[in-house]
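Next come the chains, spelled out residue by residue.
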Amino acid sequence: MFYHLNHHQFADFETAYEDARYVVFGVPYDSTVSFRPGTRFGPRSIREMSYNFESFEPHSGIDLAAVPCADIGDVEPELRPEAVVEQVLALASDILGDGKVPVMLGGEHTVTIGAVRALMPECFVVCDAHLDLRDELSGSPYSHGCVTRRLAETGIEDIFIIGARSGTREQFVRGQDLRLYTADDVRARGIVPILEEIREAIGTRSMYLSIDADVIDCCLTPGLGTPEPFGLNPLDVREVVRTLGPLASGFDYVEVCPVDAGQTAAVAAQMVREFIASHRAKSRLP
Ligand code: MN
Ligand code: MN
């Protein structure tokens, strides 16, 4: 199902699968893209950029070279989105079944449906410029524009959307049933009190954390398939990862489309490292 990319592994993630606690894999898929193609190159660009950084994370005091992380390479995606969802579901189920934490690099947001279905968490937290609450887009119910809608149908108790600023009127009406914190809410209130509210609401329930790269203002990280201005900044999203990451049983960073000078992939690579370091330092899981 996947192959090993010896020259393009994430930096410092050199533990064998059997011994790993965290398992990174990529899903270079962008076939339902609606605007600018290229997120299939996201996993590669994130891995390349990961070599820019020191293995030590000073905030958590964790040296990533000492954390058992494996990078098992990329899924070879099918063409149809529902087939890719099944591929990710199977792989993430295997990783979770082996008692490990899946860390997925997209690819377009569609891939998240499979990983979340594998976990079936009680809570889903997503950072995204878009509500992704369409029932279908371009004829497919598994388009990247339908991700949160599909997950809302799976029996997840609570869905938290952070940073949204784009969607149809119908999607915003539907969003009222979810816990929606718009980009304007984050700007008005600050990210810290919002995250405290979300952490209290989650409590001891299980959770999956998904970051769509376009939640960040496209003026800061322009390597995106569907760029939107007036968004969060990278420090806001880092705060999300540091605060909520330790509660998550699975994590993904999706929708990096490396058409920029590398800044979007640099932020993504750091978020993956921040997730693993903060999870390792503070996880409530065994
Ligand atoms: Mn999305
Ligand atoms: Mn988006």
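Note that the structure is a prediction, hence the values are computed from the model and not measured.

What counts and how
Residues numbered from 1 in each chain as written. Chains lettered and ligands numbered in written order. Predicted model: local features only at pLDDT ≥ 70, side-chain atom pairs only at ≥ 80, totals over all residues. Heavy atoms only, no water. Helix = DSSP H or I, 4+ residues; strand = E, 2+ residues; numbered from the N terminus. Rg over C-alpha atoms; globule rule 2.2 N^0.38 Å. Buried < 20%, exposed > 50% of the residue type's maximum accessible area, 1.4 Å probe, protein only. Lys, Arg positive; Asp, Glu negative; His and termini not counted. Charge placed at Lys NZ, Arg CZ, Asp CG, Glu CD. Salt bridge = Lys/Arg side-chain N within 4 Å of Asp/Glu carboxyl O. Core = buried A, V, L, I, M, F, W, Y, C linked by side-chain atoms within 4.5 Å. Contact = heavy atoms within 4.5 Å. Donors = N, O, S within 2.8 Å, 3.2 Å for Na, K, Ca; no water. Polar contact = N/O pair within 3.5 Å; in protein donor to acceptor, adjacent residues only side chain to side chain. Patch = residues over 30% accessible without salt bridge, like charges linked within 9 Å, V, L, I, M, F, W, Y side chains within 5 Å. Areas by Shrake-Rupley, 256 points an atom, 1.4 Å probe, with all protein chains shown as cover. Phe/Tyr/Trp six-rings, centres within 6.5 Å; stacked < 30°, edge-to-face > 60°. Lys NZ or Arg CZ within 6 Å of the ring centre and 35° of its normal. Pairing = 2+ DSSP bridges. Right-handed = clockwise from strand over helix to strand, strands pointing away.

## Quick word on the overall build of the chain
Then step 1. Looking only at helices and strands, the chain has nine helices and eleven strands in total.
Then step 2. For 286 residues, the compact-globule estimate of 2.2 N^0.38 gives 19 Å, and the C-alpha radius of gyration of the chain, at 17 Å, lies within 12% of that figure.
Then step 3. The principal-axis extents of the C-alpha atoms in the chain amount to approximately 45 × 40 × 40 Å.
Then step 4. The proportion of buried residues among the 286 residues of the chain is 58%.
Then step 5. Taken as two groups, the 25 positive and 43 negative side-chain charges of the chain have centres that lie 3 Å from each other.

## Topic: the pattern of salt bridges
Then step 1. Evaluation of the coordinates by the stated rule reveals 15 salt bridges.
Then step 2. Measuring nitrogen to oxygen at the nearest pair gives 2.7 Å for the salt bridge that ties Asp-71 to Arg-47. Taken together, the positions of Asp-71 in strand 5 (residues 69-75) and Arg-47 in helix 1 (residues 42-50) put the pair 24 residues apart, joining distant regions of the chain. Residue Asp-71 shares its accessibility class with Arg-47, and that shared class is buried.
Then step 3. Across the salt bridge formed by Glu-153 and Arg-150, the nearest N and O atoms sit 3.0 Å from each other.
Then step 4. What makes Arg-150 buried here is its relative accessible area of 7%.

## A few points about the nonpolar core
Then step 1. Core analysis: the largest hydrophobic core is formed by 54 residues, its most contacted members being Ile-162, Tyr-253 and Ile-276.
Then step 2. For this core, the leading source of residues is helix 9 (residues 263-282), giving ten residues.
Then step 3. Setting aside residues no more than four positions away along its own chain, Tyr-253 makes contact with Met-104, Leu-105, Gly-106, Ile-211, Ala-213, Ile-216, Val-267, Ala-268, Met-271 and Val-272.
Then step 4. With 34 residues, the next largest nonpolar core counts Val-88, Tyr-142, Leu-178 and Tyr-208 among its residues.

## Some words on the coordination of the manganese ion (ligand 2)
Then step 1. Here the manganese ion (ligand 2) is held by the protein donor atoms Asp-128 (OD), His-130 (ND1), Asp-212 (OD), Asp-214 (OD) and Asp-214 (OD), which lie 2.2 to 2.5 Å from it.
Then step 2. In this structure the manganese ion (ligand 1) is found 3.3 Å away from the manganese ion (ligand 2), and Asp-128 serves as a bridging donor for the pair. Highlighted residues: His-130 in the loop between strand 7 (123-127) and helix 4 (147-152) and Asp-214 in the loop between strand 10 (207-212) and helix 8 (234-244), separated in sequence by 84 residues. The pair formed by His-130 and Asp-214 is uniform in burial state, with each residue classed as buried.

## Overview of helix 8
Then step 1. All of the buried residues in helix 8 are Asp-236, Val-237, Val-240, Val-241, Arg-242, Thr-243 and Leu-244.
Then step 2. The backbone nitrogen of Leu-235 has a side-chain oxygen 2.9 Å away, supplied by the residue at the start of helix 8, namely Asn-233.

## Considerations on a negative patch on the surface
Then step 1. Together, Glu-18, Asp-19, Asp-94 and Asp-98 give the surface a local cluster of negative charge.
Then step 2. On the secondary structure map, Glu-18 appears in the loop between strand 1 (2-3) and strand 2 (22-27).
Then step 3. When its relative accessible area of 61% is taken as the criterion, Glu-18 is described as exposed.

## Focus on the environment of Leu-64
Then step 1. Its place among the elements puts Leu-64 in the loop between strand 4 (62-63) and strand 5.
Then step 2. When the C-alpha positions of Leu-64 and Arg-280 are compared, they lie 9.5 Å apart, and in sequence the two are 216 residues distant.
Then step 3. With residues near it in sequence (within four places) discarded, Leu-64 still touches Asp-12, Phe-13, Ser-55, Glu-57, Arg-273, Ile-276 and Ala-277.

## Overview of helix 3 (residues 111-119)
Then step 1. By the criterion of burial, helix 3 is predominantly enclosed, with seven of the nine residues buried.
Then step 2. Residues Val-111, Thr-112, Ile-113, Gly-114, Ala-115, Val-116 and Ala-118 constitute the buried set of helix 3.
Then step 3. One or two positions beyond helix 3, positive phi appears at Met-120, with a value near 50°.

## Focus on the packing of aromatic side chains
Then step 1. On inspection of all chains with the given rule, the structure shows three aromatic pairs.
Then step 2. Here the aromatic rings of Phe-251 and Phe-275 are separated by 4.4 Å at their centres, their planes lie at 5°, and the arrangement is stacked. Here the residue Phe-251 occupies a position in strand 11 (residues 250-254), and Phe-275 occupies one in helix 9, the gap between them amounting to 24 residues. Grouping residues by exposure puts Phe-251 and Phe-275 together as buried.
Then step 3. Positioned above the aromatic ring of Tyr-17, the side-chain terminus of Lys-100 is 5.1 Å from the ring centre.

## Observations regarding the pairing of strand 8 (residues 158-164)
Then step 1. Counting buried residues in strand 8 gives seven out of seven residues, a clear majority hidden from the surface.
Then step 2. Note: strand 7 against strand 8, five bridges, orientation parallel. Within strand 8, the residue paired with Val-126 across the bridge is Ile-161.
Then step 3. A crossover links strand 7 with its parallel partner strand 8, the connecting element being helix 4, and its sense is right-handed.
Then step 4. Pairing between strand 8 and strand 9 (residues 179-182): four bridges, direction parallel. Pairing of Ile-161 across the sheet is with Leu-180, part of strand 9.
Then step 5. Traced from strand 8 through helix 5 (residues 169-175) to strand 9, the parallel crossover comes out right-handed.

## A few points about the coordination of the manganese ion (ligand 1)
Then step 1. In this structure, His-109 (ND1), Asp-128 (OD), Asp-132 (OD) and Asp-212 (OD) serve as the protein donors to the manganese ion (ligand 1), at separations of 2.1 to 2.2 Å.
Then step 2. Of note, the manganese ion (ligand 1) draws all its donor residues from one chain, in the sequence arrangement H-x18-D-x3-D-x79-D.

Geometry only, nothing functional implied.
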